[in-house]
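Observations on chain architecture
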Amino acid sequence: MLEIAALSHTYPDGHVAIRGIDLTVPDGQLVSIVGPSGCGKSTLLRCIAGLIRPTGGKVVLNGQPVTGVPEGLAVVFQDYSRSLFPWLTVRDNVALPLRRRGKSKAERREAAMAALESVGLAGAARKYPWQLSGGMQQRVSIARALAYQPSLLLMDEPFGSVDAQTREDLEDLVLQVHRAEKMTILLVTHDIDESVYVGDRVVVLGPSPTGVVADVPVPLPSERDQIETRALPEFIGTRAKVGRLVRGGHGGADVTNAGPATPDPRAADVRAACSDG
Ligand code: ADP
């Protein structure tokens, strides 16, 4: 269980990045976090990761206050090109953090190969990161996080730098891993559709200095599909609600200044395909 209470952070230059965040995440939940650019999402993740010490409030993970990088934590950043070591092979990049787990070299390599297998990259184990496409490099970053077998995985805009098709594949990979490993995942994204598609719930943050504006449950089955899930009325309704909240509305069905929910274009494709048949 992750508990965040009255969390605030003011940077040394006096900039107040986050103010009074309260959030509780039960084990095994996948929480999407959305909010406007610059609102403080990365600052929040860095506080949870123990990378910066908040100036107010606290983060408690499994009953222990977070004062440094907690055991059992892995982070995937947006910028895969800077998070992989170019002089190490893909396999050695994935195996490296396992030293912290006290595993032998053979165990580290075995775990790295299993994680690469799970992201479909076993064949690239002996290559170097710069020999891979951007999407493949981000898969390596995800494999590295998985090999570590974290109880908490933080993802900061992890699919921001890849093309649309790869992005969908990586979203499905995260869902598959989440179902298989039952780890707790916090995924920061600026993409409202993505937040609903992958999340068990969506936490909406307000503008800087940020706080929690709303906590929206996602009423979708855990098995999701890029075409069929996005065509469901529950998906379209939740996406409209989150969209209104991000734009400063209150997200309720009775909001009068918001337009009707726009169906996903892929939903139209599905309907057309059905009527053709
Ligand atoms: P987001 O991830 O939502 O884009 P960030 O958490 O990166 O937002 O930043 C929140 C605010 O804090 C921004 O206004 C940013 O300029 C500011 N900020 C981030 N890092 C620092 C820093 N080291 N010193 C001062 N201000 C910072």
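Before reading further, recall that the structure is shown in the block above.
What comes next concerns the included structure. Since this is a predicted model, take the numbers as computed values, not measurements.

Contact geometry of helix α5 (residues 134-147) with helix α6 (residues 164-181) gives a least axis separation of 11 Å together with a crossing angle of 10°. The angle between α5 and α6 falls in the class roughly parallel. Between α5 and α6 lies a crossing whose hand is right-handed. Here α5 contributes G135, Q138, R139, I142 and L146 to the contact with α6, which in turn contributes T166, D169, L170, L173 and V177. In terms of residue class, the contact of α5 with α6 is built from five nonpolar, three polar and two charged.

A word on the nonpolar core. With 52 residues, the main nonpolar core has V94, I142, L153, M155, V202 and V242 as its most contacted residues. Broken down by element, the residue count for this core peaks at six residues, all from α5. Residues within four places of V202 in sequence aside, it is in contact with S32, V34, S195, V196, A214, D215, V216, V218 and V242. Counting residues in each nonpolar core, the second largest holds 25 residues, with L2, V31, I33 and C39 among its members.

A word on the site of the ligand. What surrounds the ligand is the set Y11, D13, H15, A17, P36, S37, G38, C39, G40, K41, S42 and T43. Between the ligand and G40, the relevant distance is 2.9 Å, taken from an oxygen atom to a main-chain nitrogen or oxygen of the residue. A total of 560 Å² of accessible area belongs to the ligand in isolation, and the protein chains cover 64% of it. Element by element, the count of residues in the shell around the ligand is highest for helix α1 (residues 41-48), at three residues. Within the shell around the ligand, the residues separate by chemical class into four nonpolar, six polar and two charged.

Turning next to a positive patch on the surface. On the surface, R99, K105, R109 and R126 cluster together to form a positively charged patch. Note on K105: relative accessible area 52%, which makes it exposed.

Here the focus is the sheet that holds strand β4 (residues 56-61). Strand pairing in a sheet is mediated by backbone hydrogen bonds. Such pairs are either parallel or antiparallel. The sheet built from four strands is open, its strands ordered β2-β1-β4-β5 with antiparallel pairing. In this open sheet, the two strands that pair with only one neighbour each are β2 (16-25) and β5 (64-65). Pairing geometry for strand β1 (residues 2-10) and β4, over five bridges, is antiparallel. Opposite E3, over in β4, you have V60 as the bridge partner. Contacts between α1 and the sheet are confined to β1, β2 and β4, with β1 contributing the most and set at about 120° to the helix.

Attention shifts here to the sheet that holds strand β10 (residues 212-217). Pairing in this open sheet of six strands is mixed, and the strands run β6-β7-β8-β3-β9-β10 from one edge to the other. Bordering the open sheet on either side are β6 (73-77) and β10, each of which pairs with just one other strand. The average angle at which neighbouring strand axes cross in this sheet is 15°, direction not considered. Across the sheet, α6 touches β3 (30-34), β7 (152-156) and β8 (184-188), and the angle it forms with β3 is around 145°.

Residue position: N93 is located in helix α3 (residues 90-95). N93 gets classed as buried once you look at its relative accessible area, which sits at 0%. Contact partners of N93, with chain neighbours within four places excluded, come to L84, F85, L88, P129 and R144.

On the surface, a nonpolar cluster with roughly 250 Å² of combined accessible area is contributed by L51, V69 and F77. Locating L51 in the fold gives a position in the loop between α1 and β4. Assessed through its relative accessible area of 48%, L51 is described here as partly exposed.

Right, let's get into the side chain of Q29. Relative to the helices and strands, Q29 is located in the loop between β2 and β3. Q29 sits in the buried class, given a relative accessible area of 18%. Within the structure, the side chain of Q29 is placed 2.7 Å from the side chain of R201, a separation counted as a polar contact.

Reading guide: rules and limits
- Residues numbered from 1 in each chain as written.
- Predicted model: local features only at pLDDT ≥ 70, side-chain atom pairs only at ≥ 80, totals over all residues.
- Heavy atoms only, no water.
- Axes fitted to C-alpha atoms, helices over the stretch in contact; angles between N-to-C directions.
- Helix = DSSP H or I, 4+ residues; strand = E, 2+ residues; numbered from the N terminus.
- Parallel < 35°, antiparallel > 145°, perpendicular 65-115°, else oblique.
- Left-handed = near helix turned anticlockwise from the far one by under 90°.
- Contact = heavy atoms within 4.5 Å.
- Nonpolar A, V, L, I, M, F, W, Y, C, P; charged D, E, K, R; others polar.
- Core = buried A, V, L, I, M, F, W, Y, C linked by side-chain atoms within 4.5 Å.
- Buried < 20%, exposed > 50% of the residue type's maximum accessible area, 1.4 Å probe, protein only.
- Near = heavy atom within 4 Å.
- Polar contact = N/O pair within 3.5 Å; in protein donor to acceptor, adjacent residues only side chain to side chain.
- Areas by Shrake-Rupley, 256 points an atom, 1.4 Å probe, with all protein chains shown as cover.
- Patch = residues over 30% accessible without salt bridge, like charges linked within 9 Å, V, L, I, M, F, W, Y side chains within 5 Å.
- Salt bridge = Lys/Arg side-chain N within 4 Å of Asp/Glu carboxyl O.
- Lys, Arg positive; Asp, Glu negative; His and termini not counted.
- Charge placed at Lys NZ, Arg CZ, Asp CG, Glu CD.
- Pairing = 2+ DSSP bridges.

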